[in-house]
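Per-entry structural report
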Amino acid sequence: MRKGTSGMAEMVPVTITGVVRGTEDRPGRRERFFVELTASGDDARRLRIGVGDAEASALGFSLQGIEFPRPMTYQFMAALVAAAGSAVRSVRITGARDGIFYAEVMLRGGAIVDARPSDALNLAAITGAPVAVESSLLDLPSPTPGPAGAVGS
C-alpha cells in the first residue's frame, strides 16, 4: 500500500461487461476465462484479461446478483475495508508486461493498494466502485471467445 497517485497515463472509464471463456492468443494456447471490459461510450474498445476459474466464478456470481448466506471472499474484503473506516473509491488497470496485467485499488483517503486485476475487479463489482483502464491497453488484441460463451454477463 502507498499514498499518492499513480502514473500520469490517460485512464478510460470502462464497464465490466462479463466473463467469457476463450482461448489465449499465444504459443501453447489454452482455454480459460477472461473478464471483458468495455470502454464507456465506445463499444468497439474492449479489453479481455485472463483470470482464474475461482475469480471468474466469483465475478460471474456478483454480476448476476447471486447472494450467499455467508460472505464470500470479495464480500469479506469489502467488509474489512469498510470496518477499517475506508471505502473503495475506484479500481484502475494500470499496465501490462509480459502478458501480466497490473491493477490498483484507490481507497478513500488517498491510499493506493497494488492488486491482481481479478481481485480488484471483483472488489469493484461488490462495492460498485468505478473502473478505469490505461488507454493503450484497450488497443491490445483480445482473445477469441470460445464455444462456451459468456458467464455471468
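Report follows, based on the coordinates. Small disclaimer: the values here were computed from a predicted structure and weren't measured.

The subject of this paragraph is helix α2 (residues 73-83). Taken as a whole, α2 has its buried residues at Tyr74, Ala78 and Val81. For α2, the angular spread of the buried residues around the axis is 60 degrees, confining them to a single face. Of the exposed residues in α2, the ones pointing more than 90 degrees away from its buried face are Thr73 and Ala83. Where α2 is buried, its residues touch α1 (53-64), β5 (88-97), β6 (100-107) and α3 (117-127). Looking one or two residues beyond α2, the residue adopting positive phi is Gly85, at roughly 85 degrees.

So, about the pattern of salt bridges. If you walk through the whole model with that rule in mind, you get five salt bridges. For Glu36, the salt bridge identified is with Arg46, shortest N-O distance 3.0 Å. Remark: Arg46 occurs in strand β4 (residues 46-51) and Glu36 occurs in strand β3 (residues 31-39); sequence separation between them is ten residues. With relative accessibility at 10%, the residue Glu36 sits in the buried group. By relative accessible area, Arg46 is classed as partly exposed at 31%.

Rules behind the numbers
Residues numbered from 1 in each chain as written. Predicted model: local features only at pLDDT ≥ 70, side-chain atom pairs only at ≥ 80, totals over all residues. Heavy atoms only, no water. Buried < 20%, exposed > 50% of the residue type's maximum accessible area, 1.4 Å probe, protein only. Helix = DSSP H or I, 4+ residues; strand = E, 2+ residues; numbered from the N terminus. Arc of directions from axis to C-beta. Contact = heavy atoms within 4.5 Å. Salt bridge = Lys/Arg side-chain N within 4 Å of Asp/Glu carboxyl O.

Honestly, it's all geometry; don't read function into it.
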